[in-house]
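# An overview of the molecular structure
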Amino acid sequence: MGRSASRRAREGDGDRSPGGAGGLPRALALTLASALVWGVAHIVAGRRRAGGLLLALWTALAAAVAAAATVYRSDLLHLAVQPEVLERLSVALLVFGMVWVFIVIRSYQVLRPIRLSAAGHALGTAAVAVMCFAVAVPVAWSAHGTYVYRDALTSIFRSGTENGKKVDADDPFDGQDRVNILLLGGDSAEDRSGVRTDSMTVASVDTETGDTVLLSLPRNLESFQLPPGPARNRFPHGFTGDGLQTPGLLNEVYQYAEDHPDLVPGVPPDERGPELLKATIAGILGLRVDYYILVDMFGFADIIDAMGGVRVNIEQPIPYGLEGAVLEPGNRTLTGKEALWYGRSRTNSSDYVRMGRQKCLMAAIAEQADPRTVLTSFQQLASAAKRTLSTDIPQELLPALVGLSDNVKDGAKINSLQFVPPLIYTGNPDFDLIRKLTSEAVNSDPRQVSSRPNGTAGSSPSTSPSTSPPETGDSPNGSTKTPEAPSKPISLEANCP
């Protein structure tokens, strides 16, 4: 009986050396090896069954990660925009980290020498603690990063059940050939109240190919109709605003709706502006507008800084700041503040030239926001995005939009059409022409484009071709001539230097 117990004790000790100082380096080296490849310590200690199970588990996990990063990479991107998946992943990472730390500790326990001096014991414990810390920190950082990402995702994108925009996973675009998203750049500077949408572009995306047409409207467009209902009843002859502060320009509609809830009854604050502006632009273009994304232009600079800047090719000097600085021509990496001036400056320029620069800036950011950039600046980007972005795109649509973005990055066409002078005169627009050109640009079917949107009778307050003289830019001296505006979409790549 005594011999049997003694034999079991020796087997339990496995390969543990009785010598304290001599066996400690070997034990620590094998513990480190087992931290990198689970099961090594147990196999060396003679615990082959436990070691084999740990090694098999480690191999399976490594194979799963490798497959996810290569074979199933596209599926991984779809899962990365699903909040419930991210929540489970965050919990799984924490559990994985605890298991890994336990394996490190247990590996040392099965190998440490039987007799250790106090100094040896302290050294071994400290070394194992360092290994556990090295294992725990990246796993904890990953779990925290996943949680931060999920929090940003759910803060920016609401569920379709919350905002009334339910999405069928089997047909996310509801059978439509195109999805049309209104991209807004909001200017909420400290020296003005409310938000003015100085940048308004509808991105019409083919749901099969990802081919995109960017349809841009100038901020100073006038004489447009608001959608039927309370808004049209208040301004039956077109939007004229309210006095000198709101003379009736397109970029005023957003804030006007927020300040006048009766124009969009039943819509909560911060959603009135987007809803009225979407319906208004849908009427101007004769194009269904599905969703919107609003970017606060000043928070936009934080996103660019979190990316480490954005590379653009500047063709001519652009005034920068209020002290006479200039963004010089050439290929340059701009900071957030510099990019903001690049996209907003009108000095010695015009609204319409600025619109072109803004689209080039958007294209550069989309191209340069690669996964490595996002990963290395993840928390800064998430924090900046929460402060900067608002949208009514439902969470359930994100996997389908990720698929479209893959098509865009893989070479889908991106064309641009700007409704600016001399093609369209902002003070007296030819809305029939705008709708005709929109229809030709998106090349869609009658379900997508109509010449009488929203059930209106008549095309606009001004239906005849414009006879206004060519407009100059709105720089301080008004001397800048507006370049010729093409009447057909042109490639964004060709338009951006």
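Residues numbered from 1 in each chain as written. Predicted model: local features only at pLDDT ≥ 70, side-chain atom pairs only at ≥ 80, totals over all residues. Heavy atoms only, no water.

### Quick word on the overall build of the protein chain
- Summing up its helical and strand segments, the protein chain has 19 helices and 11 strands in all.
- When the 497 residues of the protein chain are sorted by exposure, 44% land in the buried category.
- Element-wise, carbon and sulfur atoms account for 57% of the exposed surface of the protein chain, whose accessible area totals about 24,900 Å². (Helix = DSSP H or I, 4+ residues; strand = E, 2+ residues; numbered from the N terminus. Buried < 20%, exposed > 50% of the residue type's maximum accessible area, 1.4 Å probe, protein only. Areas by Shrake-Rupley, 256 points an atom, 1.4 Å probe, with all protein chains shown as cover.)

### A short note on a nonpolar patch on the surface
- A cluster of nonpolar side chains, namely V91, L94, V95, M98 and V99, defines an oily patch on the protein surface of about 440 Å² accessible area.
- You can see V99 is positioned in helix α6 (residues 83-111).
- A relative accessible area of 35% means that V99 is categorised as partly exposed. (Patch = residues over 30% accessible without salt bridge, like charges linked within 9 Å, V, L, I, M, F, W, Y side chains within 5 Å. Salt bridge = Lys/Arg side-chain N within 4 Å of Asp/Glu carboxyl O.)

### Re a negative patch on the surface
- Taken together, D168, D170, D171 and D174 make up a surface patch of like negative charges.
- Positionally, D171 belongs in the loop between α8 (160-163) and β1 (178-187).
- Judged by relative accessible area, which is 31%, D171 ranks as partly exposed. (Lys, Arg positive; Asp, Glu negative; His and termini not counted. Charge placed at Lys NZ, Arg CZ, Asp CG, Glu CD.)

### Section: the environment of H260
- If you trace the backbone, H260 turns up in the loop between α10 (253-259) and α11 (272-285).
- The spacing of H260 and R272 is 12 residues in sequence and 8.7 Å in space, taken between C-alpha atoms.
- Leave out the neighbours within four places in its chain, and H260 touches R234 and D242.
- Polar contacts involving the side chain of H260 include one to the main-chain carbonyl oxygen of Y256, which spans 2.8 Å. (Contact = heavy atoms within 4.5 Å. Polar contact = N/O pair within 3.5 Å; in protein donor to acceptor, adjacent residues only side chain to side chain.)

### A short note on α11
- Across its 14 residues, α11 extends 20 Å between first and last C-alpha, which sits within 8% of the 20 Å expected from 1.5 Å per residue.
- For α11, a buried count of 12 out of 14 residues is recorded, marking the element as mostly surrounded by other parts of the structure.
- Every buried residue belonging to α11 is among R272, G273, P274, L276, L277, K278, T280, I281, A282, G283, I284 and L285, and all of these are buried.
- Trailing α11 by a residue or two, G286 shows a phi angle of about 70°, which is positive. (Expected span 1.5 Å × (residues − 1).)

### A closer look at the sheet that holds strand β4 (residues 291-296)
- In spatial order, the strands read β9-β4-β1-β2-β3-β10-β11; together these 7 strands make up an open sheet with mixed pairing. The sheet is open, and its two borders are formed by β9 (389-391) and β11 (490-491), each paired with just one other strand.
- Judged from the 6 bridges that link them, strand β2 (residues 196-206) and strand β3 (residues 212-217) form a sheet pairing that is antiparallel. The residue bridging S204 from the neighbouring strand is V213, located in β3.
- The strands that α11 touches are β1, β2, β3 and β4; relative to β2, the one it contacts most, it runs at about 60°. (Pairing = 2+ DSSP bridges. Axes fitted to C-alpha atoms, helices over the stretch in contact; angles between N-to-C directions.)

### Some points on the confidence of the model for the protein chain
- Summing up the model confidence of the protein chain, the mean pLDDT is 81 and the portion of residues at 70 or higher is 82%.
- By mean pLDDT, helix α1 (residues 2-13) is the weakest element of the protein chain at 46, and α11 is the strongest at 96.
- Overall, residues 444-482 carries pLDDT values under 50, and its contacts beyond four positions in sequence, including any with other chains, amount to 88 contacts. (pLDDT = per-residue confidence, 0-100.)

### Remarks on the nonpolar core
- In this structure, L215, L250, L277, L285 and F419 are the most contacted members of the largest nonpolar core, which totals 40 residues.
- Elements supplying a minimum of two residues to this core: β1, β2, β3, α10, α11, β4 and α18 (431-442).
- The element contributing the most residues to this core is α11, with 6 residues.
- Filtering out sequence-adjacent residues up to four positions away, F419 remains in contact with L215, S216, L217, P218, L285, I424, I434, L437 and T438.
- In terms of nonpolar packing, the next biggest core, distinct from the first, is built from 22 residues, M307, I318, L327 and L334 among them. (Core = buried A, V, L, I, M, F, W, Y, C linked by side-chain atoms within 4.5 Å.)

### Here's the deal with the packing of aromatic side chains
- Enumeration according to the criterion identifies 8 aromatic pairs in this entry.
- Relative to F239, the ring of F235 has its centre 5.1 Å away and its plane inclined at 70°; by these criteria the two rings are edge-to-face. Of the two residues, F235 and F239, neither departs from the other in class, the shared state being buried.
- Each member of the aromatic cluster is reached from another via a ring pair, and the members are F224, F235, F239 and Y256.
- Over the ring of Y342 we find R357, and its NZ or CZ is 5.8 Å from the ring centre. (Phe/Tyr/Trp six-rings, centres within 6.5 Å; stacked < 30°, edge-to-face > 60°. Lys NZ or Arg CZ within 6 Å of the ring centre and 35° of its normal.)

### So, the packing of helix α13 (residues 336-344) against helix α14 (residues 351-368)
- For the pair α13 and α14, the least separation of the axes is 7 Å and the interaxial angle reads 140°. Relative to α14, the element α13 is oriented oblique. Along the contact surface, α13 presents A339, Y342, G343 and R344, while α14 presents R354, R357, Q358, C360 and L361.
- Classifying every residue of the contact of α13 with α14 by side-chain character gives 4 nonpolar, 2 polar and 3 charged. (Parallel < 35°, antiparallel > 145°, perpendicular 65-115°, else oblique. Nonpolar A, V, L, I, M, F, W, Y, C, P; charged D, E, K, R; others polar.)

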